[in-house]
Structures are given as structure tokens and as C-alpha cells.
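# Inside the fold
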Amino acid sequence: MNSTWHAEVRMRVGALQLEVRVDGGVRPVALVGPNGSGKTTLLRTIAGAYRPSAGVIAVGDRVLFDSARGIDLPPEERGVGYVPQGYGLFPHLRVLDNVGFGLAGSSRRDNGARASALAVLEQLDAGHLAERWPDTLSGGERQRVALARALVTEPHILLLDEPLAALDAAARRAMRRRLAVRLAESAVPALVITHDVHDIVALNAHVHVMEEGRIVQRGSADALATHPATEFVAEVFGSPLATRGNHPPNKQPGAR
Amino acid sequence: MNRQANLPDALGAGRWPSLAAALPMLVLLALPVVALALASSPAELAAGARHPLFLPALGLTARTTVVSLVVVVAAGTPLAWWLAASSGRWARGVEQLVDLPIVLPPAVLGIALLQTFGRNGLLGGPLEALGLQVPFTTAAVVLTQVVVASPFYVQSAAAAFRRVDRDLLIVARTLGRSPAGAFFGVAVPVALPGLVSGVALAWARAIGEFGATLLFAGNLPGRTQTAPLAIYTALESDVQAAVALSLVLAAVAVLLLLGLRALPGGRLGRVVAAAAGAGRR
């Protein structure tokens, strides 16, 4: 796999010692792990909310963080699109202003910014939501608005924290497909936290399994199902669902 | 406002006896307000309002409390933000310091302020060298109000800031906002209902300030005689003026209370954001 981004991070957050390397290319990377294993912390660290004690974070040819060289770009200069768990829509702004938030400052009054916010909403079939308030949206609608808001600034990487977890089963099936298509179209690398093998298969994601602040295994869903390295991996991927074959054929079995 | 539904019957069995037990206290809360409202005829009230103490005292209260509120909000908002973001021993210590004026008796506070700003006080020497006299001036009135009112604002604002989801701020930063941009663009509007109720509580406390002001600022008509002090003075000569002043202050307090109750919850930030954005559309 040609990796276009990587994050190598060592840090302590509370009781958790985080020591991981994750990387990926245009193919989405799924971050899987039990609660408290440090997944969200890693995403926020890549976004620039936490400063690692050591490590390197690079996306494309841009170095976002490098402890050895003293580089630490603030979040606003990192070019990352962050969609937190629960989607983090600004409750005091209408949908269009949420999406246009990243275009504000220099150009909020200009109609071009509003037009491009609306265009991204429409690409996600959410143009009709533009004047709604976030608290009137369904889970699936919120997810699309949050994704639109992250995409509108044309980030170099998308960080999605359980983008499908808040949805009921039916919405989840529909949104999972949509998200997969959208990620493939946009060609933006994505790091996606999820607990669901269906998501991983639909996104055709490369998997990193994280436990207690470390990456314990990586590979495709099939490879993990076949050769689980830990009990957790066996539990998540060992179910027959993972090998039912409703997903594209796996290109490269076996852990990397 | 979110209200819990009535308890299931089995759990609510003790409700009426509980209310009955509280009845004397409720009567005690209600009766003085009723008595105050019934104390005067409109004609007597009008006469009281013409008393020479009346307007200057109300005017001084209005001016000094507005200045105090500006100071409290300007200094208290950054402090509340810091308190909300910090969890260390220092933050806990500062929090208790902020709460101190709530538990200190006003008279003690007045003495303490005199010991600080008075001629023989801690800062007396330097202030005198600068030609500044603080005690028994309007500045002393404002200083006292700031001290007694700030805890109410800071605590309310800190609680509101704590409820702002950290992820909203991270998102705002990744969307290109500076720390200040995320603060004013997200944290303040989202926390606004809490900030406004803090302002209302602080204002009520500043308007009612009496004891510390009397000791530290005195009771000089036109300079340090705020409405509560005027009530105290008027009571000796003209009860009707005292009652009229009291009714005005009670009305302001009730309005503040009703205003707090009617706060449009999470929608307040929207109203402000919409107003701010209206010109830009």
C-alpha cells in the first residue's frame, strides 16, 4: 500500500500511554479498538488538539508535527477535516452557516462562500437542509452536514470518529454506502474509527487495531478474521459476518 | 426549560406531607413581598418618589452597577474560561478564592476593603502618593460591588463554559479559527445562556449591596448613597420614601428573576449569531 500520510506518536494522556504508528493512502484506514484504547485521542492528536511528547505527523508532503525538528502546526494550519463522535455541529448556527464556518472570516459575506457551502451540501444530498437548525436533524442528516462541513475546506485528510455509530440500523446501512462512495469520490485519505465490520468492508478499509495505546495488528478485514492476533480482534472479526463475502475480493491477504 | 415528569405514584406518596412541612417557610417567603406591595397607596408612593433622596440614589445605583458589571464581565469571562479549562490544584484554589465573598459577611468585607484601600491600609501609602483617595468615594462603591458580584458571574460562566463540548472547539480550530476565533465564534455563543444568567445574578447582587458599601464607601448622598443605603436613611425620616424605593428595587429584582426564567435556553446564542450575521447576508 502506498502511504501518503503517517502519524507516529508517543505521548501520555491521563493514565494512557500512547505509542502508535498509523499510516495510509487514498484507501480509507479503519481504526478499531476497545473503549479507552486511545483511538479518539489519536485522532485529536493528528488534528492538533494534543501535543505528543515525541513523533512525526505528515500528510502528503506537509509535515504537521515533528518533535525532532520542532514543528507543531496549530490545528487551523493542518488541513485536516475532523468529524467528532456525535458530529459536533454548532448548535447556534443553521446548517448552511455550520458548513460555511470554515470559509468564514475573510469571506463570509461573499456569496461565493455560501455558494460553495451549498454546493458541498448538495453533493451529499443535503442541500434542502441548508436553513435548518442542527437540533431538528436526524442522525443521518447530522452526519452528512458534519461531513460537508469538514469537506468544504478541502482537507488533506479526513478524521472521522465513529461516523456511523449514532445511527439506527436502517440509516446505518444507507449512510455506510453513501460514505464509502463519497470517500472514494473525494479521493481524500480518511482515518475512520469504527466498531463495525460491516463499515470496514463497505469502506474497503485497511484496518489498524489499537489496544491500550498500541497498534496490535494491521491488515484487511479478511486477514484479521483469518489470523487474529488478540482476543479482541478475534471477537470483532471472527464472527462469520466478516467472511460472508459481501465485500470486494481482498487484494492482499495476510497482515502487513 | 427541562422539567422532570411527576414521579410515579408509589414514589410520590410523600409529596403532600412534604409540601405541608414546608408551608411555614413558603409563607415566610411570600408574606413580606405581599406586605411591601400593600404598604402604600398610589398617592403615597408618588409622594415617596418625589423625596429628594429617591432619584439620586436610583441614578447612582444604575450608574455604579453598570460600571461594576462591565468590570465583572471583562475580567470574569477570561477567568471563567481559564477555570473551565483547568483542573489542577491551582484552579481549585482560585475557585475558592472567587467564592470567598459569598461566604464572607458583608461587614467583614467592608472592613477588609478599608484595610486594603484606607489611608492606613495595605495600599494606603502608594495610593496617597498618587493623590488617590478610594474610601468614601463612588469608586469605592464600584469596587465593593465588583467584589461581591463577581463570584456569581464567574461561577455561572465557568459552569457554562464547562458544558461546551471540547470537540466543538477542536472542530472550529480545524476549520481555520484561531484560539480567539474559536472562543468568540463557538464557546461564547454556545455558553451564552449561562453567561447571561451570571450577569443577571451578579447585577442583582450588586444592586442589593449594602453592608460592605456602608462601611467602605459611607452613605454620602449623590456620591456613595446607593438605593439600599437611601432606603436605610429614608426609614428614619420618611417611611413612604423608603417603601417607594423598596418597591422599585423589588420590581427590578422580580424582572431579573422572570428574565432568567424566560431565557430562551440554547436558542439565545442563535439569536445573537443571527443578529451578528444579519448585516453580512
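Shown above is the structure to which this text applies.
These notes cover the structure that comes with them.

About the criteria used
Residues numbered from 1 in each chain as written. Chains lettered and ligands numbered in written order. Predicted model: local features only at pLDDT ≥ 70, side-chain atom pairs only at ≥ 80, totals over all residues. Heavy atoms only, no water. Helix = DSSP H or I, 4+ residues; strand = E, 2+ residues; numbered from the N terminus. Buried < 20%, exposed > 50% of the residue type's maximum accessible area, 1.4 Å probe, protein only. Contact = heavy atoms within 4.5 Å. Areas by Shrake-Rupley, 256 points an atom, 1.4 Å probe, with all protein chains shown as cover. Phe/Tyr/Trp six-rings, centres within 6.5 Å; stacked < 30°, edge-to-face > 60°. Lys NZ or Arg CZ within 6 Å of the ring centre and 35° of its normal. Buried area = accessible area lost by both parts, 1.4 Å probe. Salt bridge = Lys/Arg side-chain N within 4 Å of Asp/Glu carboxyl O. Polar contact = N/O pair within 3.5 Å; in protein donor to acceptor, adjacent residues only side chain to side chain. Pairing = 2+ DSSP bridges.

## Here's the deal with the overall build of chain A
For chain A, the count of helices and strands is eight helices and eleven strands. When burial is assessed residue by residue, chain A has 54% of its 256 residues classed as buried. Here the contacts in chain A between residues at least 6 apart in sequence split such that 61% fall between residues at least 24 apart. Working note: accessible area of chain A is about 11000 Å², and carbon and sulfur atoms make up 49% of it.

## Comments concerning the packing of aromatic side chains
In this structure the tally under the stated criterion is seven aromatic pairs over all chains. Pairing Phe117 of chain B with Phe216 of chain B gives two aromatic rings, centres 6.0 Å apart and planes at 40 degrees, and the pair type is tilted. Taken together, the positions of Phe117 of chain B in helix α5 (residues 106-117) and Phe216 of chain B in helix α10 (residues 211-216) put the pair 99 residues apart, joining distant regions of the chain. Per residue, the accessibility class of Phe117 of chain B equals that of Phe216 of chain B, and both read buried. Aromatic ring contacts, followed pair by pair, group Trp81, Phe161, Phe183 and Phe184 of chain B into a single cluster. Stacked on the ring of Phe90 of chain A, the Lys or Arg Arg149 of chain A has its end atom at 4.5 Å from the ring centre.

## Topic: the interface of chain A and chain B
The interface of chain A with chain B comprises 28 residues on the first partner and 23 residues on the second. Roughly 2400 Å² of surface becomes buried between chain A and chain B when both sides are summed, with 60% attributable to carbon and sulfur atoms. Run the count over chain A and chain B and you get two salt bridges. Close ionic contact of Asp167 of chain B with Arg44 of chain A constitutes a salt bridge, the shortest N to O distance being 3.1 Å. Inspection of the chain A/chain B interface yields four residue pairs in polar contact (both at pLDDT 80 or more).

## Points about the pairing of strand β11 (residues 214-219) of chain A
Of the pairings in the sheet, the one linking strand β10 (residues 206-211) of chain A to β11 of chain A comprises five bridges and is antiparallel in character. Pairing of Met210 of chain A across the sheet is with Ile215 of chain A, part of β11 of chain A.

Function cannot be read off these values alone, since they describe shape.
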